[in-house]
Amino acid sequence: MSVYVILLPEAIADVDRREDREALAMPYEDEPGAAVYKYEVLPSGALMVWRTLPDSSAVPEATFGPSAWSHVRGSFFGSND
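Summarised in this report is the structure supplied together with it. (Residues numbered from 1 in each chain as written. Predicted model: local features only at pLDDT ≥ 70, side-chain atom pairs only at ≥ 80, totals over all residues. Heavy atoms only, no water.)

Per the secondary structure count, the protein chain includes one helix and six strands. In sequence order, the protein chain lays out its α and β elements as β-α-β-β-β-β-β. Seen through its C-alpha atoms, the protein chain measures out along the principal axes to roughly 40 × 30 × 15 Å. For the protein chain, contacts bridging at least 24 residues in sequence account for 46% of all contacts bridging at least 6. Accessible surface computed for the protein chain: about 5,100 Å², of which carbon and sulfur atoms make up 55%. (Helix = DSSP H or I, 4+ residues; strand = E, 2+ residues; numbered from the N terminus. Contact = heavy atoms within 4.5 Å. Areas by Shrake-Rupley, 256 points an atom, 1.4 Å probe, with all protein chains shown as cover.)

With that out of the way, let us pick up the packing of aromatic side chains. Throughout the structure, instances matching the rule amount to three aromatic pairs. Geometrically, the ring pair formed by Tyr28 and Tyr37 is tilted, given 5.9 Å between the ring centres and 45° between the ring planes. Relative accessible area serves as the criterion here: at 11%, Tyr28 is assigned to the buried category. Given a relative accessible area of 5%, Tyr37 falls into the buried group. The interplanar angle of 20° and the centroid separation of 4.7 Å between the aromatic rings of Trp50 and Phe77 together place this pair among those described as stacked. Note that Trp50 is positioned in strand E4 (residues 47-52) and Phe77 in the segment after strand E6 (69-73), a separation of 27 residues in sequence. (Phe/Tyr/Trp six-rings, centres within 6.5 Å; stacked < 30°, edge-to-face > 60°. Buried < 20%, exposed > 50% of the residue type's maximum accessible area, 1.4 Å probe, protein only.)

Let's shift gears to the sheet that holds strand E1 (residues 3-7). Read across the open sheet, the three strands follow the order E2-E1-E6; overall the sheet is antiparallel. Edge positions in the sheet fall to strand E2 (25-28) and E6, since each has one partner strand and no second. Direction aside, neighbouring strands of the sheet carry axes that sit 15° apart on average. Where E1 lies against E2, four bridges are found, and the strand directions are antiparallel. Pairing of Val5 across the sheet is with Met26, part of E2. (Pairing = 2+ DSSP bridges. Axes fitted to C-alpha atoms, helices over the stretch in contact; angles between N-to-C directions.)

Printed below as a string of structure tokens:
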């Protein structure tokens with residue numbers, strides 16, 4: 001399952017785009033046969049998006065500080081989804 005992150009407006013550097021809902025959405029779409037995206041919330045509150053490859057190895061794709069994101073949905077890292 002893909003991962004969808006919604007950023008807080010303050011996390012957008014371009015002040016003119018802070019009200020743009022599309023600028024706040026960060027989709028990580030699965031790539032069939034190539035990669036599956038999952039997320040993990042670290043104890044600090046930071047959000048980590050992982051890219052899991054077909055050989056089951058995982059590499060970090062993105063990290064958002066605890067004050068940069070407000071919502072996330074998708075598969076949790078470590079689940080079998």
